[in-house]
Amino acid sequence: MSAHDTALGDAGAHDHDEDEELPHSTFSGYMTGFVLAVALTALPFWIVMGSVFHRSGVTAAAILLIGAVQIVVHMIYFLHMDGKVQGGWSLLALIFTIVLVAIALSGSIWVMYHLNENMMPGMMQPMHNPP
Amino acid sequence: MSDTTAPNPPPLTGPGAGPFSGDGRSNGQAAGPLQFLVRTAHHSPNGTLLGFWLYLMSDCLVFACLFAAYGVLGRRYADGPTGAEVFELPLVALNTSLLLLSSITYGFAMLEMQKRRPRALLGWLAVTGLLGAAFIGVELHEFAGLIHDGAGPWRSAFLSSFFALVGTHGLHVTCGIIWIITMMTQVGKYGLNAANRRRLVCLSMFWHFLDVVWIGVFTFVYLMGVLP
C-alpha cells in the first residue's frame, strides 16, 4: 500500500497532478498483446476451416480453450487488468461478474437440457444414450 | 490504533466521528496518529474509471444472457438453415481481423495521448473509427445476405438468438464509433485536457471490451456453429 502511494507521488511530481489517476500503457505491452491475440485468433480459425481434428468434440473443446486464453490475454494487455488497478476493486468486480456469467450460462444450458430430455419426449427423437 | 491516542483531544467524542468531522478538527493537530482518517483518501482516487468498469461488467451480464439464449436455442433450426449452411467463415475471419486491428490502433492512440500529441492521436482515432465502420459494414452485408436468403431472425429460434446476440454487439460497436467521433471533436476543440484524457481512457476500456465480447461471438457462435 505504501509502495503504491509513493509511486503515485512520483508520477504527480513530474507530471503535475493530472495523469496520476490514468493507467500507463506501453508500446511493448500493446504489441505483445496484439501478437498473442493474432496467434490465438488465427489458431481456432485454422483448426475449424482446415478440419484439423476429425471429432467435432475435440475441435469444440480446443477452440473454447483458445478463446478463454485469448480473453485473458486481452484483459491483461489491452484492458490492463491486474490486482492493483483501483486498489483491487476492478479485479473483484471482474471476478464477481465471471461468477454470475458462469451461473447464467451453465444454469441456462443445464436447465434447458433437462427440460428437453424429461418433459417433451413426444417432440424429441428417440433418446440417444450418451457414450 | 486510534484508541491509544483518542483520550488526548477531548472534543473528539470517539474514533468513529473522525472521518466526518474534517473541518472542525483543525485544532486537533496534536492527535497525530488520528490524521490517517482524513489525510489519505479512503476511496479510490479514480472513481470514474472504476464506475465505468462496473458499467462494463453490467454490460457483460447483458451479453452473458444473450450468449445463454444462443446456447439454448442455437441448435433449434425449425427445419430452416443450419449454422454450417449460412455462416461464411472467411467473412467472419475478415471481420475479426478488422476488430482486432482496431484494438491495436486504439492502443496506439492511447500511446499518443500519453505523449501529448493530439494530431497523431486524432489520426489513430480516425483509423480506429474507420476499422470499426468497416466491421459494421461487413456485418450489415452479412445480415442483408441472410435476410435476402430468407434466413432472417423470424425463420427459427437459432436465427432469432443469432441476430439478437450479434446485432447487440454490432449496436455497441456503432455506439463506440459515435463516441470516437465525439471524442475527435472534443479533442480537436478543447485539446488534451484532463477531462478528455479520462474520457479517452473510458472509451479505450469500452472498445477493448467489445473486442473481448467478439472473441466469445466468433468462437461460440461462428466456429462452433459450423461444427457438425
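What you see is a predicted model, and the numbers here were worked out from it, not measured in a lab.

Draft legend 1. Representation of the UniProt feature "transmembrane region" (unreviewed entry) in chain A in the model. Residues and elements named next belong to chain A. UniProt's entry tags residues 27–48, 60–79 and 91–115 with the feature "transmembrane region" (unreviewed entry), counted in the numbering of this structure. Between the first and last C-alpha atoms of residues 27–48 the distance is 32 Å; the span itself is 100% helix and 0% strand. Secondary structure over residues 91–115 splits into 100% helix and 0% strand, and the C-alpha atoms at its two ends are 36 Å apart.

Draft legend 2. Helix α6 (residues 194–225) of chain B, seen in detail. All names here are of chain B. Taking 1.5 Å per residue, 32 residues should reach 46 Å; α6 reaches 45 Å between its end C-alpha atoms and fits that length. The largest bend in α6 amounts to roughly 25 degrees and is located at F218. Counting buried residues along α6, 27 of its 32 residues qualify, which places the element largely inside the surrounding structure.

Draft legend 3. Inspection of the environment of B:F87 at higher detail. As for its placement among the helices and strands, B:F87 is situated in the loop between α2 (83–86) and α3 (89–114). Considered as a pair, B:F87 and B:D149 are 62 residues apart in the sequence and their alpha carbons are 12 Å apart.

Draft legend 4. Focus on the packing of helix α1 (residues 47–73) of chain B against α6(B). Residue and element names in this part refer to chain B. In the contact formed by α1 and α6, the axes pass within 11 Å of each other and the chain directions differ by 15 degrees. Classified by the angle between their axes, α1 and α6 sit roughly parallel to one another. By crossing handedness, the relation of α1 to α6 is classed as right-handed. Here α1 contributes T48, L49, F52, W53, Y55, L56, D59, C60, F63, F67, Y70 and G71 to the contact with α6, which in turn contributes R198, V201, C202, M205, F206, F209, V213, G216, V217, F220 and V221. Per-class residue counts for the contact of α1 with α6 are 18 nonpolar, 3 polar and 2 charged.

Draft legend 5. Region of interest: the packing of aromatic side chains. All names here are of chain B. In total, this model carries 21 aromatic pairs over all chains according to the counting rule given. For the pair F143 and F163, a centre-to-centre distance of 4.7 Å together with 45 degrees between the ring planes defines the contact as tilted. Of the two residues, F143 is situated in helix α4 (residues 118–148) and F163 in helix α5 (residues 157–190); the sequence distance between them amounts to 20 residues. Taking relative accessible area as the criterion, F143 reaches 12% and is therefore assigned buried. Feature note: the residues F67, Y70, Y77, F87, F135, F143, F158, F162, F163, W214, F220 and Y222 constitute an aromatic cluster, connected by ring pairs.

Conventions used here
- Residue positions are given per chain, counting from 1 as you read along its sequence in written order.
- Labels are handed out in written order, letters beginning with A for the chains and numbers beginning with 1 for the ligands.
- Confidence filtering applies because this is a predicted model: local features only for residues at pLDDT of at least 70, side-chain atom pairs given and counted only at 80 or more, and all residues used for totals across whole chains, interfaces and linings.
- As a convention, hydrogens and water are excluded, and side-chain values are obtained from all of the structure's heavy atoms.
- UniProt positions are given in the numbering used here, feature names are shortened, and annotations may be inferred rather than shown by experiment.
- Elements are defined by DSSP. Helices are runs of H or I of four residues or more, strands are runs of E of two residues or more, and each kind is numbered from the N terminus.
- To estimate how far a helix should reach, multiply one less than its number of residues by 1.5 Å.
- A residue's bend is the angle separating two fitted axes: one through the seven residues that end there, the other through the seven that start there.
- The classification of residues rests on relative accessible area computed with a 1.4 Å probe and restricted to protein chains. Under 20% of the type maximum is buried, over 50% is exposed, and intermediate values are partly exposed.
- Axis definition: a line fitted to C-alpha atoms, limited for helices to the stretch in contact. Angles are taken between N-to-C directions and run from 0 to 180 degrees.
- In what follows, roughly perpendicular refers to angles from 65 to 115 degrees, roughly parallel to angles under 35, roughly antiparallel to angles over 145, and oblique to any angle outside these ranges.
- Two helices crossing with the near one rotated counterclockwise from the far one by less than a right angle form a left-handed crossing, whereas a clockwise rotation gives a right-handed crossing.
- Two residues qualify as a contact provided that any one of their heavy atoms is within 4.5 Å of a heavy atom in the partner residue.
- Under the scheme applied, nonpolar residues are Ala, Val, Leu, Ile, Met, Phe, Trp, Tyr, Cys and Pro; charged residues are Asp, Glu, Lys and Arg; polar residues are all the others, including Gly.
- When two rings of Phe, Tyr or Trp (its six-membered ring) have centres within 6.5 Å they constitute a pair, described as stacked for plane angles under 30 degrees, edge-to-face for angles over 60, and tilted for the intermediate range.

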